[in-house]
Amino acid sequence: MRKKGKKANIEIRLLPVIVSVFLIVSGAFLVALSYIKYENEFSWWKTWGCDTSRAIGTTLIASAVVSILLEMSTLKDFVKNVLKNILDDEFPLDAYSKDNLENFQKRLVLSLCEKDGVEIDRNKFFNSIYFTYEEKMRESALDSYYEYHDTKYDITPDTEKGIFSIKAELTYKIVNLYETDAEINFKAKTYSIENIGENNEDENAFVLEALEIDDKAVKDLKNCLTKEQIPQREHFDYYDYKIKIYKKLGSKKEYKIKMCYRYNMPITDSFQSYKVTKPCKRIEHRFRMFPDVHAGKRWKLKANAFAAYFNKQGGDASKFKVEQNENDVVKIMMNEWVFPGSGYVVVFEKDE
């Protein structure tokens with residue numbers, strides 16, 4: 001309704017100009033008509049019609065000129081109002097094509113980036129990093145995102161079995177502003193311990209212990225989890241199963257998810273990485289390494305994070321940092337928007 005009002009306002013302001021043009025044309029026609037000589041003129045035309053036509057035409061032209069002059073006196077205010085509507089984001093943008101709007105955006109960004117005394121090459125600027133990723137940023141803004149994404153990992157090495165036994169708790173909130181279809185789509189891999197009998201099958205598998213959606217427990221856990229065996233190659237240590245936890249959520253604006261699970265990793269795979277799959281406003285992932293379950297030897301952790309504009313800083317005010325006060329505990333924190341693909345690496349090492 002707001003945009004229609006602005007269009008009507010512009011049309012109303014243009015109406016006096018259209019009327020004035022019509023009056024000028026009509027008046028000029030009547031004046032010209034009065035000067036035409038006819039062979040068989042009517043007596044009334046000669047006595048009073050010709051003079052009347054000239055007078056009416058002159059009056060119409062004069063009225064139109066006065067009207068235009070009055071409009072011109074307010075033209076400055078009219079232009080100011082139009083510009084104010086544009087600057088106040090009230091101009092009817094739907095009157096323009098997508099190409100027009102994109103060209104206007106490029107000019108606007110170029111103007112904002114220009115500095116005093118520095119001339120920017122237009123073609124090079126339009127092919128710069130900003131416009132390379134601007135479309136992907138628009139797509140991400142229309143997609144769902146994580147309000148927060150927190151994970152706790154408790155890791156216990158077992159050199160006798162050749163595994164890291166991991167117990168994890170994952171909590172996050174999906175924000176779905178445009179109420180599109182949301183889902184849980186979690187993927188992992190797990191390692192099978194050799195020579196384990198059927199009674200100990202859980203030691204070979206990824207175990208989903210609990211799943212909550214908006215603080216309500218999901219009962220059909222087995223229906224959410226699928227396990228696919230990975231083909232093995234000789235002479236290499238590989239994971240044995242691909243794990244997928246999938247569940248459709250619906251189209252609400254927000255969903256809170258909590259997931260508790262445990263699984264095994266081969267002890268030879270001491271280099272772990274993580275990448276966020278959606279835009280995220282806050283990430284806090286904590287790792288804690290316990291001593292070897294049999295040998296009692298201690299292990300240590302090392303970590304590093306990566307993200308666009310990541311800047312490792314010291315102090316409590318830092319928005320991006322890897323915090324480690326002890327060798328066996330590390331915390332990765334990103335307290336600002338991060339793009340998909342941002343993440344970190346964690347290394348497990350024996351504390352010799």
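The model shown is predicted, which means the values in this text are computed figures rather than measured ones. Residue indices begin from 1 for each chain and proceed along its sequence in written order. The predicted nature of this model means local features are confined to residues of pLDDT at least 70 and side-chain atom pairs, given and counted, to a pLDDT of 80 or more, with totals for whole chains, interfaces and linings taken over all residues. Computation of side-chain values covers all heavy atoms of the structure but excludes hydrogens and water.

On to helix α6 (residues 129–142). In this model, α6 (14 residues) spans 21 Å end to end at C-alpha, consistent with the 20 Å of a helix rising 1.5 Å per residue. One fitted axis covers the seven residues ending at a residue, a second covers the seven starting there, and the bend at that residue is the angle between these axes. Only DSSP runs of H or I reaching four residues or more are called helices, and only runs of E reaching two or more are called strands; each is numbered from the N terminus. In α6, a bend of some 30° at Glu135 exceeds every other bend along the element. To estimate how far a helix should extend, the number of its residues minus one is multiplied by 1.5 Å.

Once that is clear, we can look at the sheet that holds strand β7 (residues 241–250). The pairing of strands in a sheet comes from backbone hydrogen bonds and takes either a parallel or an antiparallel form. Here, any two strands with at least 2 DSSP bridges between them count as paired. Taking strand neighbours across the sheet as the criterion, the 3 strands line up as β3-β7-β6 in an open arrangement whose pairing is antiparallel. Each having just a single partner strand, β3 (182–190) and β6 (225–229) make up the two edges of the open sheet. The mean inter-strand angle of the sheet, taken between neighbouring strand axes irrespective of direction, is 20°. Of the pairings in the sheet, the one linking β3 to β7 comprises 9 bridges and is antiparallel in character. By the bridge assignment for β7, Lys187 is matched with Lys244. To get an axis, a line is fitted to the C-alpha atoms, and for a helix only the part in contact is used. The angle between two axes follows their N-to-C directions and goes from 0 to 180 degrees.

Glancing now at the packing of helix α4 (residues 98–113) against α6. Remark: α4 packs on α6, axes separated minimally by 13 Å, with the N-to-C direction vectors making an angle of 125°. Considered as vectors, α4 and α6 are oriented oblique to each other. Crossing hand, α4 versus α6: right-handed. Of the residues in α6, those touching α4 at Glu102, Gln105, Lys106 and Val109 are Tyr130, Phe131, Glu134 and Arg138. Of the residues that constitute the contact of α4 with α6, the class distribution is 3 nonpolar, 1 polar and 4 charged. Roughly parallel here means an angle under 35 degrees, roughly antiparallel means over 145, roughly perpendicular means 65 to 115, and every remaining angle is called oblique. By convention, the crossing between two helices is left-handed when the near helix turns anticlockwise from the far helix through less than a right angle, and right-handed when the turn is clockwise. Whether two residues touch is decided by their heavy atoms; if any such pair falls within 4.5 Å, the residues are in contact. Here the term charged refers only to Asp, Glu, Lys and Arg, the term nonpolar to Ala, Val, Leu, Ile, Met, Phe, Trp, Tyr, Cys and Pro, and the term polar to all other amino acids, Gly among them.

Inspection of the secondary structure assignment puts His149 in strand β1 (residues 145–158). Owing to a relative accessible area of 6%, His149 belongs among the buried residues under this scheme. In protein, a polar contact means a hydrogen-donor-capable atom and an acceptor-capable atom, both N or O and within 3.5 Å, with residues adjacent in sequence counting only if both atoms are side-chain atoms; elsewhere, any N or O pair within 3.5 Å suffices. Side chain to side chain, His149 and His285 meet in a polar contact 2.9 Å long. Once residues within four sequence positions are removed from consideration, His149 is found in contact with Leu170, Thr171, Tyr172, Tyr274, Cys280, Arg282, Ile283, Glu284 and His285. We call a residue buried when its accessible area falls under 20% of the maximum for its residue type, exposed when it is over 50%, and partly exposed in between, using a 1.4 Å probe and counting protein chains only.

Within the patch definition used here, like charges are joined within 9 Å and nonpolar side chains (Val, Leu, Ile, Met, Phe, Trp, Tyr) within 5 Å, considering only residues with over 30% relative accessible area and no salt bridge. In this description, accessible areas are obtained by the Shrake-Rupley approach with a 1.4 Å probe, and a residue is regarded as covered only by the protein chains that are shown. Put simply, a salt bridge is a Lys or Arg side-chain nitrogen that is within 4 Å of an Asp or Glu carboxyl oxygen. The charge count includes Lys and Arg as positive and Asp and Glu as negative, but it does not include His or the ends of the chains. The atom standing in for a charge is NZ when the residue is Lys, CZ when it is Arg, CG when it is Asp and CD when it is Glu. A surface patch of positive charge is lined by Lys187, Lys189, Lys242 and Lys244. Mapped onto the positive patch, the elements with two or more residues apiece are β3 and β7. The residue Lys189 is located in strand β3 in this model. Classification of Lys189 by relative accessible area gives partly exposed; the value is 43%.

Moving on, we get to the sheet that holds strand β2 (residues 163–175). Ordered in space as β5-β4-β8-β2-β1-β10-β13-β12, the 8 strands form an open sheet in which the pairing is mixed. Two strands lie at the open edges of the sheet, namely β5 (216–217) and β12 (320–326), each paired on one side alone.

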